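What follows is the residue order along each chain.
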Amino acid sequence: MKRKILFIILAILVASSVALYFIFRTKPQIQMLPTVEVEEITTEDINIYGEYVGRIRAQQFVEIHARVEGYLESMTFKEGSFINKGQTLFIIDPRLYKAHVDKARAQLNKSKAQAKKAERDLNRIRPLFEQNAASQLDLDNAIAAYETAVAEEAVSEADLTQAEMTLGYTKVTSPISGYISEIVADIGTLVGPSAGKSLLATVVKSDTVRVDFSMTALDYLNSKERNVNLGAHDPSRKWDSYVTITLADGTIYPHKGIVDFADPKVDPKTGTFSVRAEMANPDHRLLPGEFTKVKVLLDVREQAITVPIKAMVIEKGGAYVFVMRPDSIVEKRFIEIGPEIDNKIVVERGLAKGECIVTEGYHKLNHGMKVIPTKADAEESKSAKKEEQKGDSNE
């Protein structure tokens, strides 16, 4: 009987222990996989730009000088107006130079008369010399007198031409078409090279302007690495380097300029070299002398791989991203990065088209972890693409 009671007590103790075990046992924790946002890598043509400070310069800037000395009589234009090539601008007192022309013309007539007389004398001497009625000396003197008279006639013709040219300089004309500045010398002023005041005005041709800016030696080396020669047309390239500028009000000038010159030497004082671009200015919105912000197309990376900057981590060892394998396991992969464009960065090495990278949630990841991937919101992606296209169109 005692054994039976003992057995019952033991059974109760075992049952209680089992019940307590199931009640108070540690429940196995369910492993929660991190949820991350991933993006598939694609390729696209990426424009690489550089931004510099530039200065507008007129395509032609011509100073109008007085080439002869005299009193300035009149001007035949309105200051600041458009003038045509060959248009008369100033009149310098021509009376003295007209007298020089009259004198040179009279001297020419005198020389012609003397040449004709010498020719007649020579024609008379020749028959007499053949009949031994005149000496050889007489013939030689007649020939010399004739040749001297002919030479004097040529000199007089040259003097008349020079006098007429000098008289023509009293009418100061414009060598180019463009806009003229205000006059430098007032009417009635003694002007001319010897008078110490020859500058009268300036004419600016600005239908096309030049944009001057400086680039660093590093920019030059980077372009050489990509086999890009600024200022030279390369028929093997599908693109040419162009320039856009930002106006004072912050708007983008609608016309683009073409880089047509790059200085072959670097200024040792600044470590930069000069670059020039030509740009159409049909409405004359760009004024010579003004400063502006210049944006230059330096390179086009064809079929380049880019990743969002937010997906990249930079540490001492370099830059890396988390790449998701087809089995949803992520791996930490170091990459070689290139230039930064907007909110993306070009990847030179380390990634391939079609792979998936983690763009959101990488801070909770370690190499080899399994994740639950989600795609980027379609509406957000569409909006970002629209903004990017808008930015390209403004350029």
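Heads up: the structure comes first, above all this text.
Residues numbered from 1 in each chain as written. Predicted model: local features only at pLDDT ≥ 70, side-chain atom pairs only at ≥ 80, totals over all residues. Heavy atoms only, no water.

Draft legend 1. Here's a closer look at the overall build of the protein. Scanning the protein from N- to C-terminus turns up 5 helices and 19 strands. Looking at the protein as a whole, 33% of its 395 residues are labelled buried. In the protein, of all internal contacts separated by at least 6 residues, the share reaching a separation of at least 24 is 75%. Total accessible area computed for the protein in this model is approximately 25,100 Å², and 54% of it derives from carbon and sulfur atoms. (Helix = DSSP H or I, 4+ residues; strand = E, 2+ residues; numbered from the N terminus. Buried < 20%, exposed > 50% of the residue type's maximum accessible area, 1.4 Å probe, protein only. Contact = heavy atoms within 4.5 Å. Areas by Shrake-Rupley, 256 points an atom, 1.4 Å probe, with all protein chains shown as cover.)

Draft legend 2. Representation of helix H2 (residues 95-130) in the model. Its 36 residues give H2 an end-to-end C-alpha distance of 53 Å, which sits within 8% of 52 Å, the value for a rise of 1.5 Å per residue. Listing the buried residues of H2 in full gives Tyr97, Val101, Ala104, Leu108, Ser111, Ala115, Ala118, Leu122 and Ile125. Here the buried face of H2 lies against helix H3 (136-168). (Expected span 1.5 Å × (residues − 1).)

Draft legend 3. Representation of the pattern of salt bridges within the structure. Within the structure shown, the criterion is met by 18 salt bridges. Here lysine 117 makes a salt bridge to aspartate 121, at a shortest N to O gap of 2.9 Å. Remark: aspartate 121 and lysine 117 occur in helix H2; sequence separation between them is 4 residues, near one turn of the helix. Taking the relative accessible area as the measure of exposure, aspartate 121 reaches 23% and is therefore partly exposed. (Salt bridge = Lys/Arg side-chain N within 4 Å of Asp/Glu carboxyl O.)

Draft legend 4. The pairing of strand S2 (residues 43-65), seen in detail. With 12 bridges joining them, S2 and strand S13 (residues 291-308) adopt antiparallel strand pairing. For isoleucine 46, the partnering residue across the bridge sits in S13 and is arginine 301. Judged from the 11 bridges that link them, S2 and strand S9 (residues 199-216) form a sheet pairing that is antiparallel. The residue of S9 that forms the bridge with glutamate 63 is threonine 202. (Pairing = 2+ DSSP bridges.)

Draft legend 5. Layout of the pairing of S9. Judged from the 2 bridges that link them, strand S7 (residues 178-180) and S9 form a sheet pairing that is antiparallel. Bridging across to S9, isoleucine 180 finds its partner in valine 203. Direction of pairing for S9 relative to strand S12 (residues 272-280): antiparallel, over a ladder of 9 bridges. Paired with arginine 210 across the two strands is glutamate 278, which belongs to S12.

Draft legend 6. Fine view of the packing of aromatic side chains. Within this structure, the stated rule accounts for 6 aromatic pairs. Ring plane angle 85 degrees and centroid distance 5.9 Å describe the contact between tyrosine 320 and phenylalanine 322, whose orientation is recorded as edge-to-face. You'll find tyrosine 320 and phenylalanine 322 in the same group, each marked buried. Of the aromatic side chains, those joined through ring pairs into one cluster are Tyr320, Phe322 and Phe334. Across from the ring centre of tyrosine 320, 4.3 Å away, lies the NZ or CZ of lysine 332, which sits over that ring. (Phe/Tyr/Trp six-rings, centres within 6.5 Å; stacked < 30°, edge-to-face > 60°. Lys NZ or Arg CZ within 6 Å of the ring centre and 35° of its normal.)

Draft legend 7. Unusual backbone geometry, seen in detail. Backbone geometry places asparagine 132, a non-glycine residue, at a positive phi of 60 degrees. Along the polypeptide, asparagine 132 turns up in the loop between H2 and H3. Since its relative accessible area comes to 71%, asparagine 132 is described here as exposed. Look at glutamine 303: it is not a glycine, yet its phi comes out positive at around 50 degrees. Topologically, glutamine 303 is positioned in strand S13.

Any functional reading would require information that these geometric values do not contain.
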